[in-house]
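# Coordinate inspection notes
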Amino acid sequence: MDEDFGESQWTEKAKQAYQQRADELVEALRAHLATNLTRSGRQRELGAYFASAETLMTAARDFNNAEFDWCGSVPFAFDLDEAEDDDMDDVDDVDDESPQGDVLSVLGRWDFRILDEQVVISAGRDAYLRVWPDDTEEDASIRVQDVEAATGELMHADGFAGIETAPGLRIERHTMFVVTHEGDDDETFDTDPFGINRA
């Protein structure tokens, strides 16, 4: 947004920029729709999808800014630039000193030694196919290309036990602490923090 928006408001330049950004947003939305309608659930389609989604978000952000510069209003109620920061603010709100509450948070770190990377990746692909039995070996190989992705699929299939017992991994050390705190009745939790479910 233009920091000197008061000087840009109601000017012909701001009006033309606003119209241009609107056209770009409409085009990005149409392109995203066309991309999404061609999907059939295959993992190889995700690259094009995420690229299209990023283009759409950029166009929406630019449109937001252009409208602000033109007339001082913002069409989108959510902040396109600060969404991820809001998630981090929620974490900071946890009161470590509170011994009571209706939310239990378990925080910790587990370090594993990677004994055989390919074995871990293979186990992750097997776990993926157990969760998504209608998918193909190709989907699994695209989805799981490294140990990090394999770990996500193992946890998705079997919970934390999936990596505790995974072939090719050996737990070396861990540390953990538990805290209870008050939760907001309207608070929602991210049930897929590792991005292991499909887009």
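Residues numbered from 1 in each chain as written. Predicted model: local features only at pLDDT ≥ 70, side-chain atom pairs only at ≥ 80, totals over all residues. Heavy atoms only, no water.

## Thoughts on the overall build of the protein chain
Across its full length, the protein chain carries 8 helices and 2 strands. Along its sequence from the N terminus, the protein chain presents helices and strands in the succession α-α-α-α-β-α-α-α-α-β. Looking at the 199 residues of the protein chain, the share that counts as buried comes to 28%. Across the protein chain, every contact between residues at least 6 apart in sequence was considered, and the portion connecting residues at least 24 apart equals 75%. Summing over all exposed atoms, the protein chain offers an accessible surface of approximately 13500 Å²; the carbon and sulfur share of this is 50%. (Helix = DSSP H or I, 4+ residues; strand = E, 2+ residues; numbered from the N terminus. Buried < 20%, exposed > 50% of the residue type's maximum accessible area, 1.4 Å probe, protein only. Contact = heavy atoms within 4.5 Å. Areas by Shrake-Rupley, 256 points an atom, 1.4 Å probe, with all protein chains shown as cover.)

## Points about helix 2 (residues 12–37)
Taking 1.5 Å per residue, 26 residues should reach 38 Å; helix 2 reaches 38 Å between its end C-alpha atoms and fits that length. Along helix 2, the positions that sit buried rather than exposed are Ala 14, Leu 25, Ala 28 and His 32. (Expected span 1.5 Å × (residues − 1).)

## Let's talk about the packing of aromatic side chains
Going through the model one piece at a time under the given rule, you end up with 6 aromatic pairs. Residues Trp 10 and Trp 70 carry aromatic rings whose centres are separated by 4.9 Å and whose planes lie at 75° to one another, so their mutual orientation is edge-to-face. Here Trp 10 is found in the loop between helix 1 (5–8) and helix 2, whereas its partner Trp 70 is found in helix 3 (residues 46–71), with 60 residues between them in sequence. Cluster of aromatic residues (ring-pair linked, three or more members): Tyr 18, Phe 63 and Phe 76. (Phe/Tyr/Trp six-rings, centres within 6.5 Å; stacked < 30°, edge-to-face > 60°.)

## What to know about the environment of Val 119
Within the secondary structure layout, Val 119 lies in helix 5 (residues 117–131). Between the C-alpha atom of Val 119 and that of Pro 167, which follows or precedes it by 48 residues, the distance is 6.4 Å.

## Points about helix 5
For helix 5, built from 15 residues, the straight-helix expectation of 21 Å at 1.5 Å per residue is met to within 8% by its first-to-last C-alpha distance of 21 Å. For helix 5, the elements touching its buried residues are helix 6 (137–143), helix 7 (147–158) and strand 2 (169–181).

## Let's talk about the nonpolar core
It is characteristic of soluble globular proteins that their nonpolar side chains tend to be buried jointly. Within the largest apolar cluster, 11 residues are counted, these being Val 120, Ile 121, Ala 123, Ala 127, Val 144, Val 147, Ala 150, Leu 154, Ile 163, Ala 166 and Leu 169. Mapped onto this core, the elements with two or more residues apiece are helix 5 and helix 7. No other element matches helix 5, which puts 4 residues into this core. Setting aside anything within four residues of it in sequence, one finds Ile 121 in contact with Val 144, Gln 145, Asp 146, Val 147 and Ala 150. (Core = buried A, V, L, I, M, F, W, Y, C linked by side-chain atoms within 4.5 Å.)

## Observations regarding the pattern of salt bridges
Pairs can form between side chains of opposite charge whenever their charged atoms are close. Following the criterion strictly, the structure yields 10 salt bridges and no others. The closest approach of N and O atoms between Asp 135 and Arg 42, which form a salt bridge, is 2.8 Å. Highlighted residues: Asp 135 in the loop between helix 5 and helix 6 and Arg 42 in the loop between helix 2 and helix 3, separated in sequence by 93 residues. Exposure remark for Arg 42: the relative accessible area of 19% places this residue in the buried category. Across the pair Arg 109 and Asp 111 runs a salt bridge whose closest N-O atoms are separated by 2.9 Å. Assessed through its relative accessible area of 52%, Arg 109 is described here as exposed. Owing to a relative accessible area of 17%, Asp 111 belongs among the buried residues under this scheme. Here the residues in one salt-bridge network are Arg 42, Asp 135 and Asp 139, joined through shared partners. (Salt bridge = Lys/Arg side-chain N within 4 Å of Asp/Glu carboxyl O.)

## Focus: the environment of Glu 164
Position of Glu 164 among the secondary structure elements: in helix 8 (residues 161–164). The class for Glu 164 is partly exposed, based on a relative accessible area of 46%. Separated by 54 residues in the primary sequence, Glu 164 and Trp 110 have C-alpha atoms spaced 9.7 Å apart.

## Some words on the packing of helix 5 against helix 7
Where helix 5 contacts helix 7, the two axes come as close as 8 Å, and the packing angle between them is 40°. In terms of their interaxial angle, helix 5 and helix 7 are classed as oblique. The two elements helix 5 and helix 7 cross, and the hand of that crossing is left-handed. Across the interface between the two elements, Glu 117, Val 120, Ile 121, Ala 123, Gly 124, Ala 127, Tyr 128, Arg 130 and Val 131 of helix 5 pack against Val 147, Ala 150, Glu 153, Leu 154, His 156, Ala 157 and Asp 158 of helix 7. Split by residue class, the contact of helix 5 with helix 7 holds 10 nonpolar, 2 polar and 4 charged. (Axes fitted to C-alpha atoms, helices over the stretch in contact; angles between N-to-C directions. Parallel < 35°, antiparallel > 145°, perpendicular 65-115°, else oblique. Left-handed = near helix turned anticlockwise from the far one by under 90°. Nonpolar A, V, L, I, M, F, W, Y, C, P; charged D, E, K, R; others polar.)

By themselves these figures say nothing about function.
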